[in-house]
Amino acid sequence: MSITANWSYPTAIKMGAGRIGELAEHCKAVGMKKPILITDRGLASMEITKKALDILEAGGLGRAIFADVDPNPNEKNLEAGVKAFKDGGHDGVVAFGGGSGLDLGKCVAFMAGQTRPVWDFEDVGDWWTRASVEGIAPIIAVPTTAGTGSEVGRASVITNSVTETKKIIFHPKFLPAVTICDPELTVGMPKHITAGTGMDAFAHCLEAYSSPFYHPMSQGIALEGMRLVKEYLPRAYADGSDIEARTHMMSAAAMGAVAFQKGLGAIHSLSHPVGAIYHTHHGTTNAVVMPPVLRFNRPAVEERLAAAAAYLGISGGFDGFYDFVLELRSTLGIPDKLAELGVKTDRIDEMSKMAVADPSTGGNPVELTVEAAKELFEQCI
Ligand SMILES: [Fe+2]
């Protein structure tokens, strides 16, 4: 079976090894003449980034780059990015990287057309309709990790650096016009990032699958996404140059993000405040809090996860699924407790309130109260 394909759901996805070579032609096809590549500081000096800039330059599109982007991008990064976009007279964004580069790149393209502050476009009710659509620049997304799924999403997570909260900024125009998923770009990822980002994809599929909302399409996508992670994440972790495994992980990441239209849950509710306060890796944090959240949700998801276990070829129903998660975490070298990531217990009260207020909380199959969140944080730390 060939693992190269063109998909149009939810956007045009160019999947397969070597397809970064098509970057300039896709930029031109969506009308860009002078794009700016937006990525994080860590990636700025890497070979894959230089190669992407070479491809743009060879296509007559220049080699502009903005990389003043923190691991959890905030409104200051955004402001600087919009300034670079406007000062350079750019007409499109190549959002390049893991979650940080993709989210900030998408948000810069969006904010280039706005006069209101970014917080006015938080994903609340119909706030997105406040946006002026004309000035929004086209986006080409190029993921360099396999986890966030931001490359197929209509939102960005931006941290408010004053309140230390992660806000979801939403608009349909955040959806990239074209996404290039080239697994060769993920080959150089450090092992712990392969593990953490892969577990983020798994968390997206698991939480979408467990959420109580009606969305059979996402349900099916989430289930197959979990299977891909089970089969291929240990392989990608063991041998980073396994292109077949890397390809399937890129698919799983995109599938997780498509699936979580159905909702996320308490894994993300707990992970967001921890990430905002302690700057921990998002996917790794999700993996650490996953077992306690599974135990908490058990009464509501026992049967459903037994069905998932059967599809994944795991025996033992819910317990088998739970043991599989523990085993997967240890195979990937994920710590067992948040304390190992530097998280302390002194801000549990505050984090518990933040967790309950998190937009992911509505999708959790068991109601998450402040008391329950405290109890969960105690178990996790
Ligand atoms: Fe996530």
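Keep in mind that what you see is a predicted model, and the values were worked out from it rather than measured.

1. Quick look at the packing of aromatic side chains
Tallied over the full model, the rule gives 6 aromatic pairs. A ring pair is formed by F202 and F321, whose centres lie 6.3 Å apart and whose planes are at 20°; its orientation type is stacked. Here the residue F202 occupies a position in helix 6 (residues 191-210), and F321 occupies one in helix 11 (residues 317-331), the gap between them amounting to 119 residues. A relative accessible area of 0% means that F321 is categorised as buried. With 6.0 Å between their ring centres and 70° between their planes, F202 and F324 make a pair best called edge-to-face. Here F202, found in helix 6, pairs with F324, found in helix 11; they are 122 residues apart in sequence, far enough to count as distant. The burial state of F202 is the same as that of F324; both residues are buried. Geometry around W127 places R130 over its ring, the cationic atom sitting 4.3 Å from the centre. The ring of Y237 carries the charged tip of K191 above its face, separated from the ring centre by 4.8 Å.

2. Quick word on unusual backbone geometry
One non-glycine residue, E164, adopts positive backbone phi at about 55°. By the secondary structure assignment, E164 is in the loop between strand 7 (155-160) and strand 8 (165-170). Under the relative-accessibility criterion, E164 is labelled partly exposed at 28%. Its identity is not glycine, yet H279 carries a phi of approximately 55°, on the positive side.

3. Re the pairing of strand 8
Among the 6 residues in strand 8, 5 count as buried, and that is most of the element. Joining the antiparallel neighbours strand 7 and strand 8 is a turn of 4 residues, in which E164 adopts a positive phi near 55°.

Calculation criteria
- Residues numbered from 1 in each chain as written.
- Predicted model: local features only at pLDDT ≥ 70, side-chain atom pairs only at ≥ 80, totals over all residues.
- Heavy atoms only, no water.
- Phe/Tyr/Trp six-rings, centres within 6.5 Å; stacked < 30°, edge-to-face > 60°.
- Helix = DSSP H or I, 4+ residues; strand = E, 2+ residues; numbered from the N terminus.
- Buried < 20%, exposed > 50% of the residue type's maximum accessible area, 1.4 Å probe, protein only.
- Lys NZ or Arg CZ within 6 Å of the ring centre and 35° of its normal.
- Pairing = 2+ DSSP bridges.

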